[in-house]
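Below are the chains, spelled out letter by letter.
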Amino acid sequence: MDAGRAPDWEFWVEDGPPPALTDEQTQLFAELERVLSMLGPEPKDETAAIAALTPVIVALHDTGLSAKRIADNSRIRPEGVERLLG
């Protein structure tokens, strides 16, 4: 890593408050909520639901959020996030 460049990660101690979400993460959570609302409380087609949710979950994970943190900030349970991340 270049000494003049800040790291693109940060540590979070579980007992402390989580770092604030970035603008990108906030936008992705808004997109996730839009998709969840569109699918309804019990999607009839599980394959279509997985196809709609997976890209947003993966994008959130790619920003550095853990599956637990994604679940903490969404209506998807941790097991569901883990499953979508494969």
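Visitor: What is the right way to read the layout of surface pockets from this model?
Guide: Over the atoms a probe the size of a water molecule is rolled, and this reveals where empty space is left. Here the largest pocket defines a volume of roughly 540 Å³. Lining the largest pocket are 16 residues, and of these Leu 53, Ile 76, Gly 80, Arg 83 and Leu 84 sit closest to its centre. Put simply, the parts of the chain that give the lining of the largest pocket at least two residues each are α1 (23–39), α2 (46–62) and α4 (78–85). Taken together, the residues of the lining of the largest pocket break down into 9 nonpolar, 2 polar and 5 charged.

Visitor: Is there a simple way to think about the environment of Thr 22 in this case?
Guide: Position of Thr 22 relative to the elements: it lies in the segment before α1. We classify Thr 22 as partly exposed; its relative accessible area is 38%. In this structure the C-alpha to C-alpha distance between Thr 22 and Thr 63, which are 41 residues apart in sequence, comes to 9.0 Å.

Visitor: Whenever I open this one, α1 confuses me. Can you help?
Guide: Think of an α-helix as turning once every 3.6 residues; residues three or four places apart then point the same way. In a regular helix each residue adds 1.5 Å, so 17 residues correspond to 24 Å; α1 covers 24 Å between its end C-alpha atoms and thus fits that length. On the buried face of α1, the contacting elements are α2 and α3 (67–72). Gly 40 lies just past α1 and shows a positive phi near 85°.

Visitor: Would you take a moment to explain the pattern of salt bridges for this structure?
Guide: Any two side chains of opposite charge can pair, so long as their charged atoms come close to each other. Counted by the stated rule, this structure contains 4 salt bridges. The salt bridge involving Glu 33 is made with Arg 75; its shortest N-O contact spans 2.9 Å. Taken together, the residues Glu 33 in helix α1 and Arg 75 in the loop between α3 and α4 connect sequence positions 42 residues apart. Residue Glu 46 is joined to Arg 83 by a salt bridge in which the shortest nitrogen-to-oxygen separation is 2.5 Å. Residue Glu 46 is found in helix α2, and its partner Arg 83 is found in helix α4; the two are separated by 37 residues along the sequence. Using a relative accessible area of 45% as the deciding quantity, one classes Glu 46 as partly exposed.

So, how was this worked out
Residues numbered from 1 in each chain as written. Predicted model: local features only at pLDDT ≥ 70, side-chain atom pairs only at ≥ 80, totals over all residues. Heavy atoms only, no water. 1 Å grid on protein atoms, 1.4 Å probe; cavity = no way out; pocket = protein on both sides within 12 Å on 5 of 7 lines; lining within 4 Å. Points joined across faces, edges and corners; volume = space filled by probe spheres on them. Helix = DSSP H or I, 4+ residues; strand = E, 2+ residues; numbered from the N terminus. Nonpolar A, V, L, I, M, F, W, Y, C, P; charged D, E, K, R; others polar. Buried < 20%, exposed > 50% of the residue type's maximum accessible area, 1.4 Å probe, protein only. Expected span 1.5 Å × (residues − 1). Contact = heavy atoms within 4.5 Å. Salt bridge = Lys/Arg side-chain N within 4 Å of Asp/Glu carboxyl O.

These figures capture arrangement, not role.
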